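Coordinate analysis (summary)
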Amino acid sequence: MTLAMTLLVRDEVDIVRENIEFHLRQGVDLVVAIDNGSVDGTRDILDEYQRAGVATVFDEAGRDYAQSKWVTKAALYARDALGAEWVLNNDADEFWVPRRGNLKDVIAAYPDASQLNVSRWNMVADHHTLGQSGWREELIYRAAYPLPRTKWQLTDLYEGQLPAPYFLLDLPGKALVRTAGLQKVTQGNHSAHFSDEQSHATPPIQIFHYPVRSPKQFEKKVDQGGQAYLANRELPESVGWHWRRWYRMYLEHGIEAPLRDALPSGAQLRAGLAAGDIVREEPFLVPAGLDA
């Protein structure tokens, strides 16, 4: 089996090397990276892996965040030019951790599946103190029982009050896909379209998601993401709604407003821990996976 990983990045110098190294240890054979105009040194790191022969780097300079088009192009390249049989479509802040063996061991247990649906643990910290010690030390909490979308609904995506900080809600998982018959990876990498009937399965893999690593990093991401979604005229406003919401908050009130919307306060963390609604999770940086 040849397992490829697509990786769409823009200014992720603080985490991209760790991401690539981790997934190479977990069974990924090759990386097809998509650089969306990074200027912080991310591209230099990608070039290192390309020179080492484990990565191919594509440049997509568009500022409309056409993720589905870019990732689909990369996934089909991995299949048609590199012979990949499975593709893990990833972001720099996501680490796919198998509960046993490595990623290939898990995939091999589903010979009839065309798409493996993997849930995410959104790792959070106190938004007041974020950035003081470093994301590895601070982002060690997650919701024990993330609130599913069926339990809440905003009448106004921009002004409505969330029932909890965004990253304590139950957010969509990601798709690990077989390349046979693959036609399209959807926006957000949540699913895929195939030329024939597909079979889904839920494997023993957990995604550790580290989306907000410092106020500075988050501010840059909100600014870039908000502008990109505004520039994309093809996607409905419901797609990427949280980036649109946070960008409006940012323009009106500064980065503190979206930080409060995304992450809990220290008081919320303490109350959640005491009630069992929030749990402390050991870091993902264990090469053998969750059972090590």
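I will try to describe carefully the structure that is included in this document.

**Some points on the pairing of strand β6 (residues 115–118)**
In this sheet, strand β9 (residues 174–178) lies alongside β6 in antiparallel orientation, the contact comprising four bridges. Across the sheet, residue Q115 finds its bridge partner in β9, namely V177. Looking at chain direction, β6 and strand β12 (residues 200–201) are connected through two bridges and run parallel. Bridge pairing links Q115 to H200 in β12.

**Some details on the environment of A192**
For A192, the location among the structural elements is in strand β11 (residues 192–194). A C-alpha to C-alpha distance of 7.3 Å links A192 and A175, two positions 17 residues apart in sequence. Not counting residues up to four positions away in its chain, the partners in contact with A192 are Q115, V177, L182, K184, V185, T186 and Q198.

**A short note on the packing of helix α6 (residues 215–231) against helix α7 (residues 241–253)**
Remark: α6 packs on α7, axes separated minimally by 8 Å, with the N-to-C direction vectors making an angle of 115 degrees. Overall, the two elements α6 and α7 adopt an arrangement that is roughly perpendicular. Once α6 is placed against α7, the crossing between them reads as left-handed. Facing F218, E219, K221, V222, D223, G225, G226, Q227, Y229 and L230 of α6, the residues of α7 in contact are W243, R244, W246, Y247 and Y250.

**Quick look at the sheet that holds strand β1 (residues 3–9)**
The pairing of strands in a sheet happens through backbone hydrogen bonds and is either parallel or antiparallel. Reading across the sheet, the seven strands line up as β3-β2-β1-β4-β9-β6-β12 and stay open at both edges, with mixed pairing between neighbours. Two strands in the sheet have a free side with no partner beyond their single neighbour: β3 (55–59) and β12. Here helix α1 (residues 16–25) sits on the sheet in contact with β1, β2 (30–35) and β4 (86–91), set at roughly 170 degrees to β1.

**Here's the deal with the packing of aromatic side chains**
This structure, assessed with the given rule, holds 14 aromatic pairs. Ring plane angle 90 degrees and centroid distance 6.0 Å describe the contact between F95 and Y210, whose orientation is recorded as edge-to-face. In this pair, F95 is assigned in strand β5 (residues 94–98) and Y210 in the loop between β13 (205–209) and α6, connecting sequence segments 115 residues apart. Comparing F95 with Y210, the two get one shared label, buried. Taken together, a centroid distance of 5.3 Å and an interplanar angle of 75 degrees make the contact between W121 and F208 edge-to-face.

**Description of the sheet that holds β13**
A sheet is described by the order of its strands in space; here three strands give the open sequence β5-β13-β7, paired in mixed fashion. Among the strands making up the open sheet, the edge pair consists of β5 and β7 (120–122). In this sheet, neighbouring strand axes are inclined to one another by 25 degrees on average, regardless of whether the strands run parallel or antiparallel. With three bridges joining them, β7 and β13 adopt parallel strand pairing. Note that in β13 the partner of R120 across the bridge is I207.

**Brief notes about the environment of R233**
Along the chain, R233 falls in the loop between α6 and α7. In this structure, the C-alpha to C-alpha distance between R233 and L171, residues 62 residues apart in sequence, is 24 Å. At 3.4 Å, the side chain of R233 forms a polar contact with the backbone oxygen of L230.

**Considering the side chain of R120**
Structurally, R120 can be placed in strand β7. R120 gets classed as buried once you look at its relative accessible area, which sits at 11%. Within the structure, the side chain of R120 is placed 3.4 Å from the side chain of E94, a separation counted as a polar contact. Every residue in contact with R120, bar those within four places of it in the chain, is listed here: E94, L171, P172, G173, K174, H190, Q206, I207 and H209.

**Focus on the nonpolar core**
Formed by 69 residues in total, the largest nonpolar core has its most connected members in F167, L176, F218 and W246. Broken down by element, the residue count for this core peaks at six residues, all from α7. If we skip the residues at most four places from it in the chain, F167 touches N122, V124, H209, P211, V212, W246, A262 and L263. By size, the runner-up hydrophobic cluster in this structure holds 20 residues, among which are L8, L30, A66 and A175.

Cut-off values and rules
- Residues numbered from 1 in each chain as written.
- Predicted model: local features only at pLDDT ≥ 70, side-chain atom pairs only at ≥ 80, totals over all residues.
- Heavy atoms only, no water.
- Pairing = 2+ DSSP bridges.
- Helix = DSSP H or I, 4+ residues; strand = E, 2+ residues; numbered from the N terminus.
- Contact = heavy atoms within 4.5 Å.
- Axes fitted to C-alpha atoms, helices over the stretch in contact; angles between N-to-C directions.
- Parallel < 35°, antiparallel > 145°, perpendicular 65-115°, else oblique.
- Left-handed = near helix turned anticlockwise from the far one by under 90°.
- Phe/Tyr/Trp six-rings, centres within 6.5 Å; stacked < 30°, edge-to-face > 60°.
- Buried < 20%, exposed > 50% of the residue type's maximum accessible area, 1.4 Å probe, protein only.
- Polar contact = N/O pair within 3.5 Å; in protein donor to acceptor, adjacent residues only side chain to side chain.
- Core = buried A, V, L, I, M, F, W, Y, C linked by side-chain atoms within 4.5 Å.

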